[in-house]
Amino acid sequence: VIITQGKYLASAVKPEQYPELQRKEVVFIGRSNVGKSSLINSLTRVRNLARVSSQPGKTQTINFYEIGAKIQDVPERQDFYLVDLPGYGYAKTGAERRKIWSRFINEYLLTSPNIQFVCQLIDIRHEPMASDVEMFKWLVENNLPVLVIATKADKVSKNAAAKSIAAIKRKLGVQEMDVLPYSSVKNQGRDELLEVIAGCLTD
Ligand code: GDP
């Protein structure tokens, strides 16, 4: 799939604010500072599409980006929405705010009929934390297809990356599943992720 454009469309904290026009949705989720904004910018090749923020945990809305997509030899455009969810597990987010957070995120994840799959980002340098494991299990329990992406892959050696990925799988309790290493700095993993996206857009 070739990304032809990416632009911010809308922010939502309730269903009335979701885009009126229905399109397939690819969702991104992860702890604050995991590298989600960087990955979105690298994937779409739109600089600053998602802000690489210096204040982790600040964005508390569901952000919809309209992505123009073209698949080779398919005449129709395959435009979709990239959906950026607020970072979870940020220590300074108070319990009360966390409650509000989970309510509207859960509502979105459980009710949107357009979700194709959820990319859950985990930092390749750290073992998944309790909040990562909790989120992963919750997504699986609710029948949402999950692609786990190990971010900042350029920060570790190839050897360490392979070990980390094995540790991530062990911690999540899924040996069979593919975990995709990604580096936004080197655009490593970009083609693979685009291929997964292409697969769901042509379904
Ligand atoms: P977000 O809070 O999940 O959106 O994370 P950001 O995209 O803002 O990234 C957090 C920090 O990690 C920033 O300082 C980024 O420059 C850095 N970062 C993100 N992705 C990568 C990557 O693939 N490689 C390296 N070396 N640094 C990264």
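Note that the structure is a prediction, hence the values are computed from the model and not measured. (Residues numbered from 1 in each chain as written. Predicted model: local features only at pLDDT ≥ 70, side-chain atom pairs only at ≥ 80, totals over all residues.)

### Quick notes on the overall build of the protein
The condition is simple: Each helix corresponds to a stretch of at least 4 residues labelled H or I by DSSP, and each strand to a stretch of at least 2 residues labelled E; elements are numbered beginning at the N terminus. Comment: burial labels come from other C-beta atoms within 10 Å of the residue's own C-beta, placed from the backbone, where a count of 20 or more is buried, 12 or fewer is exposed, and between is partly exposed. This entry defines residue contacts through backbone-placed C-beta atoms, with two residues in contact when those atoms are within 7 Å.
Summing up its helical and strand segments, the protein has five helices and seven strands in all. Starting at the N terminus, the α and β elements of the protein follow one another as β-β-α-β-β-α-β-α-β-α-β-α. If one aligns the C-alpha atoms of the protein with their principal axes, the spans along those axes are about 40 × 40 × 35 Å. Going through the 203 residues of the protein one by one, you find that 34% of them count as buried. Of all intrachain contacts in the protein linking residues separated by at least 6 positions in sequence, the fraction that spans at least 24 positions is 73%.

### Things to note about helix H1 (residues 36-44)
Burial analysis of H1 places seven of its nine residues in the buried class, which makes it a mostly covered element. For H1, every residue scored as buried is listed here: Lys36, Ser37, Leu39, Ile40, Ser42, Leu43 and Thr44. Phi turns positive one or two residues past the end of H1, at arginine 45, with a value near 60°.

### Some remarks on the site of the ligand
Stated formally: Nearness rests on one distance test: the residue's C-beta atom, set from the backbone, must lie within 6 Å of the molecule or strand. Residues are grouped as follows: Ala, Val, Leu, Ile, Met, Phe, Trp, Tyr, Cys and Pro are nonpolar; Asp, Glu, Lys and Arg are charged; all remaining types, including Gly, are polar.
Taken together, the neighbourhood of the ligand is formed by 19 residues, with Gly35, Lys36, Ser37, Ser38 and Ser184 sitting nearest. Looking at the shell around the ligand element by element, the count peaks at three residues for H1. Counted by class, the shell around the ligand contains four nonpolar, 11 polar and four charged residues.

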